[in-house]
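Survey of secondary and tertiary structure
The residues making up each chain are set out below.
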Amino acid sequence: MPELVHYTVHDDVAIITVDNPPVNALSPGVPEGIDAAVARAAADPAARAAVLIGAGHTFIAGADIKVFGTIPSREVSIERSHRIHALLRRIEDCPKPIVCAIHGTALGGGLEFAMACHYRVAAPDARIGQPEVLLGIIPGAGGTQRLPRLCGVATAVELCTQGQHIAAQRALAEGIVDEIIEGDLLAGAIAFARSRAAAGETRKSRELGANIADRALAAATFDAARLALRKSARGAHAPFAAVDAIEAGVLRGFDAGSAAEIEIFADCVLSEESRNLIRLFFAEREAAKIPGLPKDTPVGDIRSAAVVGAGTMGGGIAMNYANAGIPVLLKEADQAALDRGLATIRKNYEISAAKGKLTLEQMQRVLSLIRPTLTYDGFDRVDIVVEAVFENFDLKKSVFADLGRVTRPDCILASNTSTLDIDQLAQSSGRPANVIGHHFFSPANVMKLMEVVRGRASSPRTIATSLKLAKKLNKVGVLVGNCFGFVANRMLAYYLREAHLLLEEGAGVPQIDQVMTAFGMPVGPFGMQDIAGIDVGARIRQYLRSTGKTRAEGPESPVPDWLYEMGRYGQKTGAGWYRYESGSRAPIPDPLIEELAERAAGERGIIRRTVSDDEILSRIMVALANEGANVLDERIAIRPGDIDVIYAYGFGYPRHRGGPMAYADSLGLPHVLAKVKKYRARLGDHWQPAPLLERLAAAGKGFYDAATAATAG
Ligand code: 3H9
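None of the values given here were measured: they were computed from a predicted structure.

Turning to the overall build of the protein, a few remarks are in order. Along the protein, the regular secondary structure elements total 30 helices and 19 strands. Against the compact-globule benchmark of 27 Å for 713 residues, the protein has a radius of gyration of 28 Å, which places it among compact chains. C-alpha extents for the protein along the principal axes are approximately 85 × 60 × 55 Å. Looking at the protein as a whole, 57% of its 713 residues are labelled buried.

By size, the foremost hydrophobic cluster in this structure holds 100 residues, and its most contacted members are W577 and F703. Counting residues in each nonpolar core, the second largest holds 76 residues, with I16, C117, A126 and A236 among its members.

Buried within helix 20 (residues 509-519) are the following residues: V509, I512, D513, V515, M516 and F519. Looking straight down helix 20, one finds its buried side chains confined to an arc of 155°; they lie on one side.

One open sheet holds the six strands; their spatial order is 1-2-3-4-6-9, and the pairing between them is mixed. Every other strand in the sheet has two partners, leaving strand 1 (5-10) and strand 9 (179-180) as the edge strands with one partner each. Note: strand 4 (residues 98-102) against strand 6 (residues 119-122), four bridges, orientation parallel. When the bridges of strand 6 are listed, I102 appears paired with A122.

So, about the pairing of strand 3 (residues 49-54). Most of strand 3 is tucked away: six of the six residues are buried. Sheet topology note: the strand 2 (residues 13-18)/strand 3 ladder contains six bridges and is parallel. Each residue of the ladder has a partner; that of A14, found in strand 3, is A50. Between the parallel elements strand 2 and strand 3, the chain passes through helix 1 (residues 30-43) in a crossover that is right-handed.

Once that is clear, we can look at helix 9 (residues 215-232). Helix length check: helix 9, at 18 residues, gives a terminal C-alpha distance of 25 Å against a target of 26 Å (1.5 Å per residue), a fit within 8%. When we look at burial in helix 9, the residues that qualify are A218, T221, F222, A225, R226 and L229. Buried positions in helix 9, seen along its axis, are confined to an arc of 130° and lie on one side of it. Opposite the packed face of helix 9, turned more than 90 degrees from it, sit the exposed residues A216, L217, D223, L227, R230 and K231. Contact partners of the buried residues in helix 9: helix 6 (153-162) and helix 10 (238-252). The backbone nitrogen of A216 lies 3.3 Å from a side-chain oxygen of the residue at the head of helix 9, namely D214. One or two steps after helix 9, the chain reaches R234, where phi turns positive at roughly 50°.

What follows is about the site of the ligand. Residues in contact with the ligand amount to 24 residues; listed here are only the nearest, G109, E112, E132, R285 and K289. Between the ligand and the protein, one listed contact pairs an oxygen atom with a backbone N or O atom of A63 at 2.8 Å. Here K471 contributes a side-chain N or O atom positioned 3.1 Å from an oxygen atom of the ligand. Relative to its unbound accessible surface of 1,000 Å², the ligand loses 74% to contact with the protein.

As a further point, take the pairing of strand 15 (residues 435-440). In regular strands, side chains alternate between the two faces of the sheet. Counting buried positions along strand 15 gives six out of six residues, so the element sits mostly inside the fold. Residue alternation in strand 15 divides its side chains into two sets, V435, G437 and H439 and I436, H438 and F440, and both sets are buried. As paired strands, strand 14 (residues 412-415) and strand 15 are joined by three bridges and run parallel to one another. Within the sheet, the bridge partner assigned to L413 lies in strand 15 and is V435. At this point the chain moves from strand 14, through helix 17 (residues 422-429), to the parallel strand 15, and the crossover so formed is right-handed. By the bridge criterion, four bridges tie strand 15 to strand 16 (residues 449-453) in an arrangement that is antiparallel.

If you walk through the whole model with that rule in mind, you get eleven aromatic pairs. Geometrically, the ring pair formed by F281 and F282 is edge-to-face, given 5.1 Å between the ring centres and 85° between the ring planes. For F281, a relative accessible area of 23% corresponds to the partly exposed category. Ring plane angle 70° and centroid distance 4.7 Å describe the contact between F526 and W577, whose orientation is recorded as edge-to-face. One end of the pair, F526, is in helix 21 (residues 525-532); the other, W577, is in the loop between helix 23 (559-565) and strand 18 (578-579), with 51 residues separating them in the sequence. Comparing F526 with W577, the two get one shared label, buried. Each member of the aromatic cluster is reached from another via a ring pair, and the members are F441, Y647 and F651. Its end group placed over the ring of F393, K397 keeps NZ or CZ at 4.7 Å from the ring centre.

Attention now goes to the packing of helix 19 (residues 488-505) against helix 25 (residues 613-633). Between helix 19 and helix 25, the least distance of the axes is 9 Å, while the angle of their chain directions is 155°. Classified by the interaxial angle, the pair formed by helix 19 and helix 25 is roughly antiparallel. The two elements helix 19 and helix 25 meet at a crossing, and its hand is right-handed. Taken together, the residues of helix 25 that come into contact with helix 19 (itself represented by R490, M491, Y494, Y495, E498, A499, L501, L502 and E505) are E615, I616, R619, I620, A623, L624, E627, G628, N630 and V631.

About the cut-offs
- Residues numbered from 1 in each chain as written.
- Predicted model: local features only at pLDDT ≥ 70, side-chain atom pairs only at ≥ 80, totals over all residues.
- Heavy atoms only, no water.
- Helix = DSSP H or I, 4+ residues; strand = E, 2+ residues; numbered from the N terminus.
- Rg over C-alpha atoms; globule rule 2.2 N^0.38 Å.
- Buried < 20%, exposed > 50% of the residue type's maximum accessible area, 1.4 Å probe, protein only.
- Core = buried A, V, L, I, M, F, W, Y, C linked by side-chain atoms within 4.5 Å.
- Arc of directions from axis to C-beta.
- Pairing = 2+ DSSP bridges.
- Right-handed = clockwise from strand over helix to strand, strands pointing away.
- Expected span 1.5 Å × (residues − 1).
- Contact = heavy atoms within 4.5 Å.
- Polar contact = N/O pair within 3.5 Å; in protein donor to acceptor, adjacent residues only side chain to side chain.
- Near = heavy atom within 4 Å.
- Areas by Shrake-Rupley, 256 points an atom, 1.4 Å probe, with all protein chains shown as cover.
- Phe/Tyr/Trp six-rings, centres within 6.5 Å; stacked < 30°, edge-to-face > 60°.
- Lys NZ or Arg CZ within 6 Å of the ring centre and 35° of its normal.
- Axes fitted to C-alpha atoms, helices over the stretch in contact; angles between N-to-C directions.
- Parallel < 35°, antiparallel > 145°, perpendicular 65-115°, else oblique.
- Left-handed = near helix turned anticlockwise from the far one by under 90°.

Here is the structure:
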């Protein structure tokens, strides 16, 4: 077994190096190795001080997340936590100064080990954080206790409830880090350690009291945090648990606080929330691994790009490239449209600059990378073109025919279509192996999802390059198959259809939206359509009808089309499913929608009734999971985790609920199937159980069990 922790002595300073690639996680053996090395340094006459550092490209990125799933009970969790707390106390009690040298990231347990050292120095580009809440847990190795003592209550609450990483400079300003080392980190850390040894100083984080002395301020901070979390946590529990643990330590002292942390951690680590979030963490990384696509598949280097279409999507996509430092040509058909597109891009950047997210200098730099054009000049030099013109098949086909002519033979040709057939676009280009879908979500510069749509002829290079590019663009790329709407929008059609039918049956627009936001969605189905544009869906339906199809099998409510005919396109026209007053985005319920719903119900012979919140949630979620099962069965999505990642990043599905497929698993597939059958009996044959749902329910399995078995097989 490889040695996970190395001990060497450099002149008179012991160097303790954690060496557990890829991210130096605290896998079994690592904490024990550090413990033994610190004890050795304490006893070593050749060492006056010690430096704790990580090998490779990072310090410790946290506990080994895989291990959490193996904790069988509260008792085991508590027993393990006591051991790690005692271990960290031993480090802190070492009589010789211990300096932690941070590069890459010090996250979760990594930061907790760092805070148990007497001092911390960091490389300028290092980042630190307590991201445990993003996994449904809280810092479990004293982080909720030592952090407030180092940086104060407000910052500790912020870091432990939001889970974001902060830069070394901020960590320095907050008192979490003692010095930034420019140049050689290890040499700087050794010099720092020597200086503390010479001064005879060791400083224990757990004994620092000044930052938590003001109880009244602390109490006000906890109250304000809980109030804010009621909105922002969207039903997640872990952020509240983190506040509880910090509060216990600030009000009752380090020992009582540590005991509380251990208990609260045990509750969290065994929760459904944590199981879902951890599964999503690994699903996101799994999505980048494609069965049948070898690791050594050639990958093109994308150093320059072009986007055709400077509308809302095209502009947002161009911003993604510029943000990643890739120069991008932005082409429009006429000057007025190009000017409008550029003005929107500039406005978006100005809003970000006003919020302090980028400096004016950075804004000028990214803007200079976006080069407007009305022609295809320069397209022969770019590595990729993304087509983002109006969602019209003929128009898109003609663009692909142009692209086949004007670009280099190895140039990747991507379409941002949200629904149309990639294979037909590929044929139009004359270079189908290079063609692929890059489906971004609105607003494209913000939403992290990129559905990568594989056509029949997309080459391994085209696929591998697209997935690598997604990461470079700071997106989560998920490979999906080619069908109408791919994964996200195909399933969404069933989600929205159910919302529309529930409205006809008697539920209210605000009621349905409220049920879904209470579940944790950032916005309900009607509010979402008002943001995306009711005209967008209407045009897709028009196109489908022209081809003799519908978006979702079964009845279609006429109300969305009536809104379209009335020019109620949503927020952009001041009215859609809601009304909006003079530029405000606050939705105002509109009695007209009730009248339209009654008319539609009358036409279909439906007697309107009171619809319960439970029925709304159940029908919408069951419809989503049932279609998700079809998507899996047809191999449009490779794994249930891919669907859940798509919903988390594309639509803001509440991560702590895991995603539509994990949620169905948590309900139990026999229960989901029984609901589908019940709705079929009551509402009609368009409710058809997906064959995969029937097979899994009969076998007593969940979607994820089946995926694990398939991978293992
Ligand atoms: C914690 O610490 C609790 C404590 O309070 C309690 C202590 C007792 N464990 O993301 P990447 C794998 S909770 C196991 O693609 P990047 C990852 O699966 C933890 N594996 O790279 C992937 O494997 P593969 C708190 C981990 O450069 C590979 O490493 N810490 C862990 O884009 C590369 O990962 C966190 O939540 C882990 N902790 O980003 C940090 N971390 O190649 C979670 C990574 O087989 N990690 N892996 O697919 C991250 O945020 C990112 O991975 C990081 C690197 C920023 C570190």
